[in-house]
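# Commentary on secondary and tertiary structure
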Amino acid sequence: AKVDPVKYRQDLLGKSPRALNVLNLAAQQAKWTPGAQQPGNGKGRGVSVLNAFGSYFAMVVDVTVTNGEVRVDHVTCAVDCGVAVNPDTIEAQIQGGAIFGITAALYGQITIRNGRVEQSNFTDYRILRINETPPIDVHIVQSSEAPGGIGEPGTSALQPALANAIFAATGKRLRSLPVGDQLKSA
C-alpha cells in the first residue's frame, strides 16, 4: 500500500478500539515512529495485529537478514486478554508462543519419506536455540473485559510480523513458511 505499516493498520482499526489500543501500545513500546524509514542494511521491522480467542495482540518484530539467514533481534508484544488473572503466566505464554512461532517460521518443516516421518527428535528437527532467542517484551493492557485465551495467539501473531519484517529487510515477500532457502537469492 506504500503506507507506513502501523499507520495503515491504525486507519483500518477505527471501529475496533481494543485492537487499535494494542497496536498503539506495541508501536509505542517498540519506539516505532510512523512514517520513519525502515532501518536498512539488511534490517527490518514488521507488525501484526490479531484478535483470537477473545484476546487482542499486536507484535512488532525486528530482524536482521544476512546472506539469506534471518536473525530475530527483538519482539515487542502488547496484549489485551481481558482481566489479567495471572500476569506472569500471560508473559510466559506469550514468550513461549513467540519462540515457537519463530521456530516454526524459520525451521519448522516435517518431511515424509516412504510414508514415514523423517524427523524423530530434536537432534534432527531444528528449533530455536537459547543463544538465538531474542528479547521478548510483553505489555499487558489493564482491562475489565472477560478473560480471553493466551496460549495460541502468541504464535499466530508472531509469524505475520516476522514475515513483514523480512519483507522490510529484503524487499522479498514470502508466500510460504518455513523460510528455508527462500532468501538465499535475496
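Everything that follows concerns the structure shown earlier in this document.
Scope of this entry: the structure provided in the associated data block. (Residues numbered from 1 in each chain as written. Predicted model: local features only at pLDDT ≥ 70, side-chain atom pairs only at ≥ 80, totals over all residues. Heavy atoms only, no water.)

## Focus: the pattern of salt bridges
Within the structure shown, the criterion is met by six salt bridges. A salt bridge links lysine 7 to aspartate 11; the nearest nitrogen and oxygen atoms lie 2.7 Å apart. You can see lysine 7 and its partner aspartate 11 sitting in helix α1 (residues 5–12), four residues apart, about one turn around the helix. Accessibility expressed as a relative area gives 36% for lysine 7, which makes it partly exposed. Across the pair aspartate 62 and arginine 45 runs a salt bridge whose closest N-O atoms are separated by 2.5 Å. Separated by 17 residues along the polypeptide, aspartate 62 in strand β2 (residues 55–66) and arginine 45 in strand β1 (residues 43–52) bring together distant segments of the chain. (Salt bridge = Lys/Arg side-chain N within 4 Å of Asp/Glu carboxyl O. Helix = DSSP H or I, 4+ residues; strand = E, 2+ residues; numbered from the N terminus. Buried < 20%, exposed > 50% of the residue type's maximum accessible area, 1.4 Å probe, protein only.)

## Observations regarding the packing of aromatic side chains
One pass over the full model with this rule turns up zero aromatic pairs. A cation over an aromatic ring shows up here: arginine 173 above the ring of phenylalanine 167, its NZ or CZ 3.9 Å from the ring centre. (Phe/Tyr/Trp six-rings, centres within 6.5 Å; stacked < 30°, edge-to-face > 60°. Lys NZ or Arg CZ within 6 Å of the ring centre and 35° of its normal.)

## Observations regarding helix α4 (residues 153–170)
For α4, which comprises 18 residues, the first-to-last C-alpha distance of 26 Å matches the rise-based estimate of 26 Å (1.5 Å per residue) to within 8%. All of the buried residues along α4 are Pro153, Gly154, Thr155, Ala157, Leu158, Ala161, Leu162, Ala163, Asn164, Ala165, Ile166 and Ala169. Downstream of α4 by one or two residues, glycine 171 has phi in the positive range, about 80°. (Expected span 1.5 Å × (residues − 1).)

## Section: a nonpolar patch on the surface
On the surface, Val3, Tyr8 and Leu12 cluster together to form a nonpolar patch covering roughly 290 Å² of accessible area. Secondary-structure assignment places tyrosine 8 in helix α1. (Patch = residues over 30% accessible without salt bridge, like charges linked within 9 Å, V, L, I, M, F, W, Y side chains within 5 Å. Areas by Shrake-Rupley, 256 points an atom, 1.4 Å probe, with all protein chains shown as cover.)

## Thoughts on the sheet that holds β2
Strand pairing in a sheet relies on backbone hydrogen bonds. The paired strands run either parallel or antiparallel. Spatially, the four strands line up as an open sheet ordered β1-β2-β3-β6, and their pairing is mixed. In the strand order of this sheet, the two ends are held by β1 and β6 (136–140), each with one partner. Sheet twist, expressed as the mean angle between neighbouring strand axes with direction ignored, is 15°. The sheet contacts of α4 involve β1, β2 and β3 (69–80), and relative to β1 the element is tilted by about 150°. (Pairing = 2+ DSSP bridges. Axes fitted to C-alpha atoms, helices over the stretch in contact; angles between N-to-C directions. Contact = heavy atoms within 4.5 Å.)

## Re the nonpolar core
Formed by 33 residues in total, the largest nonpolar core has its most connected members in Val61, Val63, Val70, Ile94 and Leu162. If you list the elements that add at least two residues to this core, you get β1, β2, β3, α3 (87–107), β6 and α4. Sequence-distant contacts of isoleucine 94, defined by excluding residues within four places in its chain, comprise Phe57, Met59, Cys77, Val79, Val138 and Ile150. Among the nonpolar cores identified, the runner-up in size contains 15 residues, and Leu13, Ala19, Trp32 and Val60 belong to it. (Core = buried A, V, L, I, M, F, W, Y, C linked by side-chain atoms within 4.5 Å.)

## With respect to the layout of surface pockets
By volume, the largest pocket amounts to about 400 Å³. Val3, Asp4, Pro5, Phe167 and Arg173 are the residues nearest the centre of the largest pocket, which is lined by 15 residues in total. Of all the secondary structure elements, the ones that give two or more residues to the lining of the largest pocket are α1, β1 and α4. Here the lining of the largest pocket is built from residues that sort into seven nonpolar, three polar and five charged. Taken as a whole, the second largest pocket holds about 230 Å³ of empty space. Surrounding the second largest pocket, 15 residues form its lining, Glu69, Val70, Arg71, Leu106 and Tyr107 being those nearest its centre. When residues of the lining of the second largest pocket are traced back to their parent elements, those giving at least two are β3 and α3. Here the lining of the second largest pocket gets four residues from one element, more than from any other, and that element is β3. (1 Å grid on protein atoms, 1.4 Å probe; cavity = no way out; pocket = protein on both sides within 12 Å on 5 of 7 lines; lining within 4 Å. Points joined across faces, edges and corners; volume = space filled by probe spheres on them. Nonpolar A, V, L, I, M, F, W, Y, C, P; charged D, E, K, R; others polar.)

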